[in-house]
Amino acid sequence: MSEIKLGWKSLPIGGVLLEPGSAMRYKTGDWRAFKPIIDQKRCINCLLCWIYCPDSAIIRLEKFVDVNYEYCKGCGVCANECPVKCITMVEEKR
Amino acid sequence: MVRLNELPVEELFTSGHRLCAGCGAGTIMRMTLKATRGPTVVVNATGCVEVASTIYPYTSWKVSWVHVAFENAAAVASGIESAYKALRRKGLWDKHVDVIAIAGDGGTFDIGIQALSGALERGHDFLYICYDNEAYMNTGIQRSGATPHGAATTTSPAGRKVPGKPEFKKDLIGICAAHGIEYAATASPAYWNDYITKVRKGLEVEGPAVIHVFSPCPLGMRFDSSKSMEVARLAVQTRYWPVYEVEKGKYKLNIKVPQPKPLIDFLKMQGRFSHLFQPEFQHEIEALQRWVDENWSRIASLCGETA
Amino acid sequence: MAKVIGLTGNEAIAYAVKQCDVDVIAAYPITPQTIMVELLSEYVYNGEINAEFICVESEHSAMSACVGASLTGARVFTATASQGLALMHEMLYIASGLRCPIVMGVANRALSAPLNIHGDHSDMMGSRDCGWMQVYAENAQEAYDWIIQSFKIAEDLRVLLPISVNIDGFILSHSMERVEVLEDEDVSRFLPPRKPVITIDPAKPITVGALCLPDYYFEMKRQQVHALNESYNVIREVNKDFESFTGRRYDLLETYGMSDAEAAIISLGSTAGTAKAVARDLRSEGKKVGVIKPWVYRPFPEEDLIKAVGDAETLAVLDRACSFGAPFNALCSDVVAALYRYGKSSVKVFNCVYGLGGRDITPTDIRAIFNEALEAAKTGIVKEQLKFIGVRE
């Protein structure tokens, strides 16, 4: 995640950021202590985990959802909110 | 009525922000931008969202976004709205731009209330969203005018003599509605449908609109990060956080709570209230319960409901 | 072609702003600037200018709204004084940091406490490190002329910084003077609409005002230093351009009698006018005195100042504000620093604080200062390095 840090002559003036959504280059997945595992067979694709996820880390697929582990911080909101309890939080092993 | 599978897949508030795990404000920002309807500029007061979403050179925002200072989101929004108005009149600009000001409770209830009042009085066409995590969470949990009675913060600690904040929460929507604006509402992100509908409604109103949304904070309210939406839901179900709107002066209760859960269900989930459960501070819980009951019946009666 | 009318300093500024095709004016009234805001609102309410007038609830919000408006690419004006400027202090740094070319008229007034509504430079001197360009006018004509030039200077892509045009409270803000005004079309020809490069256009979303930690903040500040350095030449270019339109000549500073002066007064604003009149009398008596009047105070015109000082041996620097606890007051500190930087520290300098809270400074006072400076030039001895002119002991 190390960026080349430009000098004052090269940086846009006024501290403006010209690339929308550049935070996508900043991966927050390594914050995670617990990892959500989705049992996709049981997923009813209700999308509640998707709407409640603070990190946009739930990926909408055709029939079920998936987790984007590059960004998931492991908060567990998805598991807590899942109406069919198909998401389990397991300890992250690195 | 919003359907989840019809909401845009694209995230205008992207991953990679550095809000805490389980932060309710992250969820609120995502929902907010899913309710936008076209060209949008967001003005963000200093606070958790601002700091965590735009650490240079990274930004989570895919709409134009401006941060100027802590106390002036509404004033900055006034300037942007007026400028686009002037530029359109001169033929130098051709689009309508939705301006959304976003501030926390510190930036709204306390240091920003003057700028907000001024902008509401002047009638600028913008939507102001206060995400209320009920203290200055960004700087490490200091009390604000939005902190509820009894809550422990670092400047209203759970002392041996004074058990948390002695004062009660300000009535923000009452203050805003008193300006005679067309739309003011409260919301909770647990009720995503209600919140997203309100954001859209607030944008559609010509003139100022204010939404006051409960923002669960695992760090400052002290609960497990997975419980954010549960806390936000309990806030409503215990009648702690009445969800209503004031449209052209007419109050409407959006979420009825005929059989409220006991307030202590909400309190005991959060470490900020844990000291109140010592026997000598029992009366503080009762005081808070009284406040909740009175607040609810006041709002219910404004909404024409029998409490 | 040119029209001559009677205008006060406040009126001259408002009149100039009317001709500059501004898009947004956000301002809060305060004595002695009030008339500026009243007139501008009148122009807007009468449809004489096609601008949005935001009658904000405080100066803090005035500057906040100006910053927001400026970021859209609009041309923006505000005006204030004294406590109002102090209240917007926080925003002044943000306006320059976010590179907003806002133009601000300031009717300089003393700062409380004790409360005082009259003219001195305490307000703007307290804001001298905010990253703004600062211009001080000697009379209503200069105020009018500098406002028109200021938009062009501030909006120049090599600069993109805010600028304030200062007039002495009451002395200039409320005195009616002869002002030669341009026709509207001439102003439009001199000052085309603002052409911003980067704005908050939602079609090309950008993030403005991000959190810059120790790894980036310093670079942003270095850019501002660079922009202020660039502004020297931009100001000169705009001055030349303006001269070709009006025949009126401006520069970073004005000099009077400096070609052979042995002693000189350096002063900002209206007092320089009095100093020139006294110098004229003294010169007719054969005394070699001169006056240096910086029009531009920020960026400080050090190079031009050194040239202007020439062979003068003594400088009396007049400050209409106190830098409490500092070795010298603001203008004098800058003059001394410039002399030192250019290896001219042998020039004798003394600092006169005058006119606080609107206390008059008379030709007699100024004559005494000149004589003291001449004496020091002759004897090589400065009697008093820091003087307070006209204060009762």
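Residues numbered from 1 in each chain as written. Chains lettered and ligands numbered in written order. Predicted model: local features only at pLDDT ≥ 70, side-chain atom pairs only at ≥ 80, totals over all residues. Heavy atoms only, no water.

Next up on the list: the sheet that holds strand 3 (residues 98-104) of chain B. Spatial strand order, 8(B)-7(B)-5(B)-6(B)-4(B)-3(B)-1(B)-2(B)-9(C): 9 strands in an open sheet with mixed pairing. Whereas interior strands pair on both sides, the edge strands pair on one side only; in this sheet they are strand 8 (250-253) of chain B together with strand 9 (207-208) of chain C. Of the pairings in the sheet, the one linking strand 3 of chain B to strand 4 (residues 127-132) of chain B comprises 5 bridges and is parallel in character. Following the sheet pairing, Gly104(B) is matched in strand 4 of chain B by Tyr131(B). (Pairing = 2+ DSSP bridges. Helix = DSSP H or I, 4+ residues; strand = E, 2+ residues; numbered from the N terminus.)

With 193 residues, the main nonpolar core has Ile51(A), Trp61(B), Phe266(B) and Met63(C) as its most contacted residues. Among the elements that line this core, the one with the most residues is helix 3 (residues 73-89) of chain B, at 9 residues. Mapping this core onto the domain boundaries places at least three of its residues in each of domain 1 (3-246) and domain 2 (253-389) of chain C. In this structure Met63(C) touches Thr78(C), Met88(C), Met91(C), Leu92(C), Ala95(C), Ile102(C), Met104(C) and Trp132(C), once residues within four positions along its chain are discounted. (Core = buried A, V, L, I, M, F, W, Y, C linked by side-chain atoms within 4.5 Å. Buried < 20%, exposed > 50% of the residue type's maximum accessible area, 1.4 Å probe, protein only. Domains from an automatic or database assignment. Contact = heavy atoms within 4.5 Å.)

Tallying the contact residues gives 14 residues for chain A and 17 residues for chain C. When chain A packs against chain C, the two sides together hide about 1400 Å² of surface, and 70% of this comes from carbon and sulfur. Inspection of the chain A/chain C interface yields 1 salt bridge. Lys5(A) is the partner of Asp215(C) in a salt bridge, and the nearest nitrogen-oxygen pair spans 3.9 Å. Counting across the chain A and chain C interface gives 3 residue pairs in polar contact (both at pLDDT 80 or more). Of the residues contributing to the side of chain A that touches chain C, the split by class is 10 nonpolar, 3 polar and 1 charged. (Buried area = accessible area lost by both parts, 1.4 Å probe. Salt bridge = Lys/Arg side-chain N within 4 Å of Asp/Glu carboxyl O. Polar contact = N/O pair within 3.5 Å; in protein donor to acceptor, adjacent residues only side chain to side chain. Nonpolar A, V, L, I, M, F, W, Y, C, P; charged D, E, K, R; others polar.)

What follows covers the pattern of salt bridges. Opposite charge on two side chains allows them to pair when their charged atoms are near. All names here are of chain B. All told, the structure shown has 54 salt bridges over all chains when counted by the stated rule. The partner of Asp 132 in a salt bridge is Lys 169, and the shortest N-O contact between them spans 2.5 Å. Of this pair, Asp 132 sits in strand 4 while Lys 169 is found in the loop between strand 4 and helix 6 (172-177), placing the two residues 37 residues apart along the sequence. Across the pair Asp 171 and Arg 298 runs a salt bridge, and its minimum N-O distance is 3.4 Å.

Attention shifts here to helix 7 (residues 192-204) of chain B. Taking 1.5 Å as the rise per residue, helix 7 of chain B with 13 residues should run 18 Å; its terminal C-alpha atoms sit 18 Å apart, in good agreement. Taken together, the buried positions of helix 7 of chain B are Trp192(B), Asn193(B), Asp194(B), Tyr195(B), Ile196(B), Lys198(B), Val199(B), Gly202(B) and Leu203(B). (Expected span 1.5 Å × (residues − 1).)

Residue and element names in this part refer to chain C. For the pair helix 1 (residues 9-19) and helix 7 (residues 140-155), interaxial distance at closest approach is 8 Å and the crossing angle is 25°. Between helix 1 and helix 7, the crossing angle belongs to the class labelled roughly parallel. Crossing handedness for the pair helix 1 and helix 7: right-handed. Contact with helix 1, carried on its side by Gly 9, Ala 12, Ile 13, Tyr 15, Ala 16, Val 17 and Gln 19, involves Ala 140, Ala 143, Tyr 144, Ile 147 and Ile 148 of helix 7 and no other residues of that element. Residue classes in the contact of helix 1 with helix 7 are distributed as 10 nonpolar, 2 polar and no charged. (Axes fitted to C-alpha atoms, helices over the stretch in contact; angles between N-to-C directions. Parallel < 35°, antiparallel > 145°, perpendicular 65-115°, else oblique. Left-handed = near helix turned anticlockwise from the far one by under 90°.)

With that settled, the discussion passes to a nonpolar patch on the surface. A cluster of nonpolar side chains, Leu18(A), Leu157(C), Val197(C) and Ile198(C), forms an exposed patch at the surface whose accessible area comes to about 380 Å². Locating Leu18(A) in the fold gives a position in the segment before strand 1 (34-38). Note on Leu18(A): relative accessible area 44%, which makes it partly exposed. (Patch = residues over 30% accessible without salt bridge, like charges linked within 9 Å, V, L, I, M, F, W, Y side chains within 5 Å. Areas by Shrake-Rupley, 256 points an atom, 1.4 Å probe, with all protein chains shown as cover.)

Residue and element names in this part refer to chain C. Structurally, chain C comprises domain 1 (3-246) and domain 2 (253-389). Taken together, the 27 residues of domain 1 in the interface contact 28 residues of domain 2. A buried area of about 2100 Å², summed over both sides, lies between domain 1 and domain 2, and 56% of it is on carbon and sulfur atoms. The largest contributions to the domain 1 side of the interface with domain 2 come from Arg 128, Glu 138 and Tyr 232, which together make up 27% of the buried area. Summed over the shared surface of domain 1 and domain 2, the result is 4 salt bridges. For Lys 276, the salt bridge identified is with Glu 138, shortest N-O distance 2.7 Å. The interface formed by domain 1 and domain 2 includes 16 residue pairs in polar contact (both at pLDDT 80 or more). It is helix 9 (residues 217-246) that contributes the most residues to the side of domain 1 that touches domain 2, 5 residues altogether. Counted by class, the side of domain 1 that touches domain 2 contains 13 nonpolar, 7 polar and 7 charged residues.

A negative phi holds for most residues other than glycine; trans holds for most peptide bonds. Residue and element names in this part refer to chain C. Here Thr 31 and Pro 32 are connected by a cis peptide whose omega angle stands at 5°. Here Pro 32 lies in the loop between strand 2 (24-27) and helix 2 (34-45). Put simply, Arg 298 and Pro 299 share a cis peptide bond, and its omega is 0°. Residue placement: Pro 299 occurs in the loop between strand 13 (296-298) and helix 11 (302-309).

Time to look at the packing of aromatic side chains. Residue and element names in this part refer to chain B. All chains considered together, the criterion is met by 23 aromatic pairs over all chains. Pairing Phe 70 with Tyr 136 gives two aromatic rings, centres 6.2 Å apart and planes at 75°, and the pair type is edge-to-face. Pair noted here: Phe 70 is in the loop between strand 2 (64-66) and helix 3 and Tyr 136 is in the loop between strand 4 and helix 6, with a separation of 66 residues, a long-range link. An aromatic cluster of at least three residues, connected via ring pairs, comprises Phe 168, Phe 214, Tyr 240, Trp 241, Phe 266, Phe 273 and Trp 291. (Phe/Tyr/Trp six-rings, centres within 6.5 Å; stacked < 30°, edge-to-face > 60°.)

Another aspect to go through is the environment of Gln385(C). Residue and element names in this part refer to chain C. Within the element layout of this structure, Gln 385 appears in the loop between helix 13 (363-379) and strand 16 (386-389). Note on Gln 385: relative accessible area 51%, which makes it exposed. Considered as a pair, Gln 385 and Ser 122 are 263 residues apart in the sequence and their alpha carbons are 21 Å apart.

Moving on: the packing of helix 7 of chain C against helix 9 of chain C. Residues and elements named next belong to chain C. Contact geometry for helix 7 and helix 9: axes closest at 10 Å, N-to-C directions at 130°. The pairing of helix 7 with helix 9 is recorded here as oblique in orientation. Taken as a pair, helix 7 and helix 9 cross one another with a handedness that is right-handed. Contacts between helix 7 and helix 9 involve Asp 145, Trp 146, Ile 148, Gln 149, Lys 152 and Ile 153 on the former and, on the latter, Val 234, Ile 235, Val 238, Asn 239, Asp 241 and Phe 242. Counted by class, the contact of helix 7 with helix 9 contains 7 nonpolar, 2 polar and 3 charged residues.

The next subject is helix 5 (residues 89-97) of chain C. Among all positions in helix 5 of chain C, only Met91(C), Leu92(C), Ile94(C), Ala95(C), Ser96(C) and Gly97(C) are buried. Those residues of helix 5 of chain C hidden inside the fold are in contact with helix 3 (59-71), helix 4 (82-87), strand 5 (103-108) and helix 9 of chain C.

Our next topic: the environment of Glu206(B). All names here are of chain B. Within the secondary structure layout, Glu 206 lies in the loop between helix 7 and strand 6 (209-214). Judged by relative accessible area, which is 69%, Glu 206 ranks as exposed. Considered as a pair, Glu 206 and Gly 104 are 102 residues apart in the sequence and their alpha carbons are 23 Å apart. Filtering out sequence-adjacent residues up to four positions away, Glu 206 remains in contact with Asp 125 and Glu 182.

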